[in-house]
Structure formats: structure tokens, C-alpha cells
Amino acid sequence: MQFDIVHAFGAGVYCVFIVLFLLATRIPRTNPGAGWWALAMCCALVARVSLVALSAGADPMLANAIYGSFNILEKTFLITGFVRFFEVRRSVLPVYLAAAATELWLVVSAGSVPYPLVKSTLYSAFNFYALGYLAWMVAREDLDCSPLIRRVMGTASAILSLHWATGSSIGLFYPSWLENGFVLGTALVMLQYVTMLTAILSVFQKRLINAEAKALKMAFKDPLTGLYNKHFMNNLFDQALLLATRPHHLVAVFYIDLDNFKPVNDQAGHAVGDEVLKCVAQRLKEGVRSTDICARLGGDEFTVIATQLEHKEQAPEIAKKLLTRLAAPIAVGSQQFQLGASIGISLYPLHGTDLSMLLQQADTAMYHVKSSGKSGYELYVNE
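Residues numbered from 1 in each chain as written. Predicted model: local features only at pLDDT ≥ 70, side-chain atom pairs only at ≥ 80, totals over all residues. Heavy atoms only, no water.

(A) Looking closely at the pairing of strand β4 (residues 301–309). Across the nine residues that make up β4, a large majority, seven, are buried. Bridge analysis of strand β2 (residues 250–259) against β4 gives seven bridges, and the strand direction is antiparallel. Across the sheet, the residue bridging to Y255 is T303, located in β4. Pairing of strand β3 (residues 293–298) with β4 involves five bridges; the strand directions are antiparallel. Within β4, the residue paired with A295 across the bridge is T303. Counting the residues between successive antiparallel strands, the hairpin from β3 to β4 contains two residues, one of them, G299, with a positive phi of roughly 55 degrees. (Buried < 20%, exposed > 50% of the residue type's maximum accessible area, 1.4 Å probe, protein only. Helix = DSSP H or I, 4+ residues; strand = E, 2+ residues; numbered from the N terminus. Pairing = 2+ DSSP bridges.)

(B) Looking closely at the pattern of salt bridges. Here the structure, examined in full by the defined rule, presents eleven salt bridges. Across the pair D222 and R296 runs a salt bridge, and its minimum N-O distance is 3.3 Å. Note that D222 is positioned in the loop between α7 (177–220) and β1 (228–229) and R296 in strand β3, a separation of 74 residues in sequence. Looking at R296, the relative accessible area reads 13%, which means it is buried. Across the pair K370 and D259 runs a salt bridge whose closest N-O atoms are separated by 2.6 Å. Here D259 lies in strand β2 and K370 lies in helix α12 (residues 355–371), a separation of 111 residues in the sequence. Looking at K370, the relative accessible area reads 21%, which means it is partly exposed. Since its relative accessible area comes to 0%, D259 is described here as buried. The network of salt bridges with common partners includes D257, D259 and K370. (Salt bridge = Lys/Arg side-chain N within 4 Å of Asp/Glu carboxyl O.)

(C) The nonpolar core, seen in detail. F21, W37, I79, F82, F86 and Y193 are the most contacted members of the largest nonpolar core, which totals 56 residues. With 34 residues, the next largest nonpolar core counts L250, L258, V280 and C294 among its residues. (Core = buried A, V, L, I, M, F, W, Y, C linked by side-chain atoms within 4.5 Å.)

(D) Examining the packing of helix α10 (residues 270–286) against helix α11 (residues 314–327) more closely. One way to put it is that α10 packs onto α11 with a least axis distance of 10 Å and a crossing angle of 150 degrees. Viewed along their axes, α10 and α11 adopt a mutual orientation that is roughly antiparallel. α11 is crossed by α10, and the crossing has right-handed handedness. Seen from α10, the contacting residues are V280, R283, L284 and E286; seen from α11, they are L322, R325 and L326. Residues of the contact of α10 with α11, tallied by class, amount to four nonpolar, no polar and three charged. (Axes fitted to C-alpha atoms, helices over the stretch in contact; angles between N-to-C directions. Parallel < 35°, antiparallel > 145°, perpendicular 65-115°, else oblique. Left-handed = near helix turned anticlockwise from the far one by under 90°. Contact = heavy atoms within 4.5 Å. Nonpolar A, V, L, I, M, F, W, Y, C, P; charged D, E, K, R; others polar.)

Next up, the structure:
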């Protein structure tokens, strides 16, 4: 009765594993190991069914041989899946050769196969070797999975290897151990495949996290310069304001429009123009504090938000530093370009309490600079 329960439960779990591994193979860019593990589970299921047939009165020697043959294939495909999934640079040829030799022995021995098969020294030796080899690879290789998954996987494989090495010997002194050992082995095999399935799920989780991080970066970062984009400025300014300001502190918004940039694109090409914009972005980042925010609004227009200013006279000093940096020659290959910038400044809360208003006021001040000869800065004045 205990065997019937173990077989029914084991067969059911094996079917679930097969379905899950096959579903994993349908997901794009999944390592081929999942397919090999599904095949290994199919072999384990056939081996399990052969034992059910054995208990139902079928030819014991035939059922015994079928069980052993498919159990050998299961170990072989398990290791193949491990090597493929984790991209381990280890040869599986020794395992295949050992499996082929053991399978050949089963065929040649036909009617004289020990019953139960665990009493066979050669058969037990193959399982001991295969599972020991797997445990050794888990311990030695750099696997793309969590330390917990690795420890459980390695421990289950190592215990299974010792189980096969000692099971028949213990059974000589304690005959009941053969039955209890079978139940233990079934539990360890299930634990093994749970860790394999968990490894697959962890890879999917990492992929989702990376995709989410990439999507957030694309949503809030300018792909060319790496600065924040206008979308970020519009959606997160209020949060940034709360985190970056203190009572009675000011925030300065600098609207920066590059001077003499259009000729760079017209004469040197857009590729060179892109390199110039990258250099400008780097200079802006280097010219502000870690609490300040740099963003590219589009084209050759940028903005800097300087936080935690104690008085409004600090804003022109920051503008001067930025102008000095942007006026320095920019070298791209063998070419040099002399730009400059027109900067308009607005202050929070003096000129507005939301970003759109502050940008509008700073933009107005910037155009005054443009109309006055470029390359300068101006603080917005309420009309």
C-alpha cells in the first residue's frame, strides 16, 4: 500500500514537472536545458510506470529491466540539461559512455538482472557516479542562480549519490530499508527537480527585473546623453522638490540653449553633433552637485535644477560656472568646436510653484539673452 501511494504521488508530480518544463521551453530565449529536463522527467515517469506494472503482476524481470533502463536515461538527460542550462563547460561524454555500458549490461544480462535492481553493483555504481558528478559540478562551477538554490541542488545530488552507494549494503542487514530507501530516493529526486525548476524561474525573474529597469531608464533617461528627459522632469519634479529642498531654501531652474550648435550639424554632420551634445551633457553633470538635476529637453536645449540654495544670489554664480564650462572648446576627433550658451534663470517659489511655470519663466529670460547677443545669463524679472 505504501508503494502504491508513493507511485501514484510520484507519477502525478512527474507529470506536473513535465508540463512545467515544456512550458518553459516555449518562452523565447530560454536555455535548452528545460527541454532536456522535461525529457528526463518523461524517462522517470516511464520507469515509475514499469514499477507499477511490476506490482500488478507483469513479468518481474522485464519490468525490472525497463525500470533500470529508463532510470539510466533519466540521469543522463538530467546532467545534459544541467550542462546546457547553466552553460557549464564540462563534457557529458563520460556520462554517456557509462550510461551506454550500463544499458548494454542490462540487455546482455536480460534474464539474470538482480531483483530488485538496486542490488546490482554495476547499476548502483552508475547512479552513484552520475549523481556524484552532478554534485561535483554544482560545487565547482559558477552557476547563474542564488546560493540557496545551489546549496539545495548540490546537497540533494550528493545525498542521492551516497544513497545509491550504500543502499544495497544497508539492505543486506536491514531488508526493510530497500522499501524506505525507495521512498527517500523519490523525495530527493523531486527536490532535485524542484531546484531545477526554481533555477528556471529565477532566470525569468532576473529577465523581468532587467526589462523593467531598462524600460524605466528609457522612460526617464535621454538615450543619447544619459541625462534625465522632459518626461522625467514633468512627472517627478514635485517629488524631487520635496526630497531636495528645506524650509526657506530656494530652487533655481536654468534653461540652457546652446549657441552656435546648428553649424556643427550642418557642416560636420549629425554624428559629430551627437558627440558634441554628449560632451555638453558630461560638462553639465560635472558642473553641478549631486543633489542637483540635469536634463535634456530636446535638440540643443538643456535644463539644470539647482536645489537647496540659501539666497538667490547663488543662482548667477552657478550660471557663470556653467557658462565657463560650456564656452571651453569641444574636441571631436581632429575637429574643435567653440560653442557657448544662453541661460535663463527662474527661482522657486519666487517665480512659480510648478515646473511648467518655472521653465516658461526661465525660457523667457533665456530669449532675452539671445536677443542681447547670446552667451550670457539672465534672471527672470516679474513684469
